[in-house]
Amino acid sequence: MAPERRIVAFSSQNLANTARAFATVGFPNAEGFALLDNASQQRIGYFTAQGHANTTCAFASAGFPNTEQFVVMAKSAVRHIRHFNQQDLVNIAWAFASA
């Protein structure tokens, strides 16, 4: 099965974890991050505060700061800011600053 078809079944948590894992091991695959980006934008309403922060950090760490994805994440983060703890705020602020 093609990756595009598999990734649509990922939950927001799976997307965040996969993006973070790719960034952590230094897997700079533009096509993979493009798939994660597209799927993340489709599921943006299901991300937790930590998921927002982790996904945004992963894209920034891996060197794939997609402007459109960051705008979508930023707007969603603002809507859910009351759910962010200090660490989530620090992580997402770092991601936006380093992108």
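See the structure printed just above.
Here is what the cut-offs are and how they apply
- Residues numbered from 1 in each chain as written.
- Predicted model: local features only at pLDDT ≥ 70, side-chain atom pairs only at ≥ 80, totals over all residues.
- Heavy atoms only, no water.
- Helix = DSSP H or I, 4+ residues; strand = E, 2+ residues; numbered from the N terminus.
- Rg over C-alpha atoms; globule rule 2.2 N^0.38 Å.
- Buried < 20%, exposed > 50% of the residue type's maximum accessible area, 1.4 Å probe, protein only.
- Contact = heavy atoms within 4.5 Å.
- Areas by Shrake-Rupley, 256 points an atom, 1.4 Å probe, with all protein chains shown as cover.
- Lys, Arg positive; Asp, Glu negative; His and termini not counted.
- Charge placed at Lys NZ, Arg CZ, Asp CG, Glu CD.
- Axes fitted to C-alpha atoms, helices over the stretch in contact; angles between N-to-C directions.
- Parallel < 35°, antiparallel > 145°, perpendicular 65-115°, else oblique.
- Left-handed = near helix turned anticlockwise from the far one by under 90°.
- Nonpolar A, V, L, I, M, F, W, Y, C, P; charged D, E, K, R; others polar.
- Core = buried A, V, L, I, M, F, W, Y, C linked by side-chain atoms within 4.5 Å.
- Phe/Tyr/Trp six-rings, centres within 6.5 Å; stacked < 30°, edge-to-face > 60°.

Visitor: Quick question: what am I supposed to make of the overall build of the chain here?
Guide: For the chain, the count of helices and strands is 6 helices and 0 strands. Listing the helices and strands of the chain from first to last along the sequence gives α-α-α-α-α-α. Whereas a compact globule of 99 residues would reach a radius of gyration of roughly 13 Å, the chain reaches 12 Å, a difference of no more than 12%. The C-alpha extent of the chain, read off along each of the three principal axes, is 40 × 25 × 20 Å. Residue burial in the chain is summarised as follows: out of 99 residues, 38% are buried. Considering only contacts within the chain whose residues lie at least 6 apart along the sequence, 71% involve residues at least 24 apart. Summed over its atoms, the accessible surface of the chain is roughly 5600 Å², and 57% of this surface lies on carbon and sulfur atoms. Looking at the chain, you have 7 positive and 5 negative side-chain charges, and the mean spots of the two groups are 8 Å apart.

Visitor: Where do I start with the packing of helix α2 (residues 12-24) against helix α4 (residues 49-61) in this structure?
Guide: Interhelical geometry of α2 versus α4 gives an angle of 30 degrees and a closest axis separation of 8 Å. If you check the angle between α2 and α4, you find them roughly parallel. In the packing of α2 onto α4, the handedness of the crossing is left-handed. Contacts between α2 and α4 involve Ala-16, Ala-19, Arg-20 and Ala-23 from the former and Gly-51, Asn-54, Thr-55, Cys-57, Ala-58, Phe-59 and Ser-61 from the latter. Across the contact of α2 with α4, the residue classes break down as 6 nonpolar, 4 polar and 1 charged.

Visitor: Is there a simple way to think about the nonpolar core in this case?
Guide: If you look at soluble globular proteins, the nonpolar side chains tend to sit buried side by side. In this structure, Ile-7, Leu-15, Ala-19, Phe-33, Leu-36, Phe-47 and Phe-59 are the most contacted members of the largest nonpolar core, which totals 19 residues. Residues within four places of Ala-19 in sequence aside, it is in contact with Phe-33, Leu-36, Ala-58 and Phe-59. Listed in part, the 5 residues of the second largest apolar core include Ala-49, Ala-53, Ala-77 and Ile-92.

Visitor: Sorry if this is basic, but what is going on with the packing of aromatic side chains here?
Guide: Centre distance and the angle of the planes are the two values used to describe a pair of aromatic rings. Counted under the stated rule, the structure contains 3 aromatic pairs. Ring centres of Phe-22 and Phe-33 lie 6.1 Å apart, and the angle between their planes is 65 degrees; on these two criteria the pair is classed as edge-to-face. Remark: Phe-33 occurs in helix α3 (residues 30-42) and Phe-22 occurs in helix α2; sequence separation between them is 11 residues. An aromatic cluster of three or more residues is present, and its members are Phe-22, Phe-33 and Phe-59.

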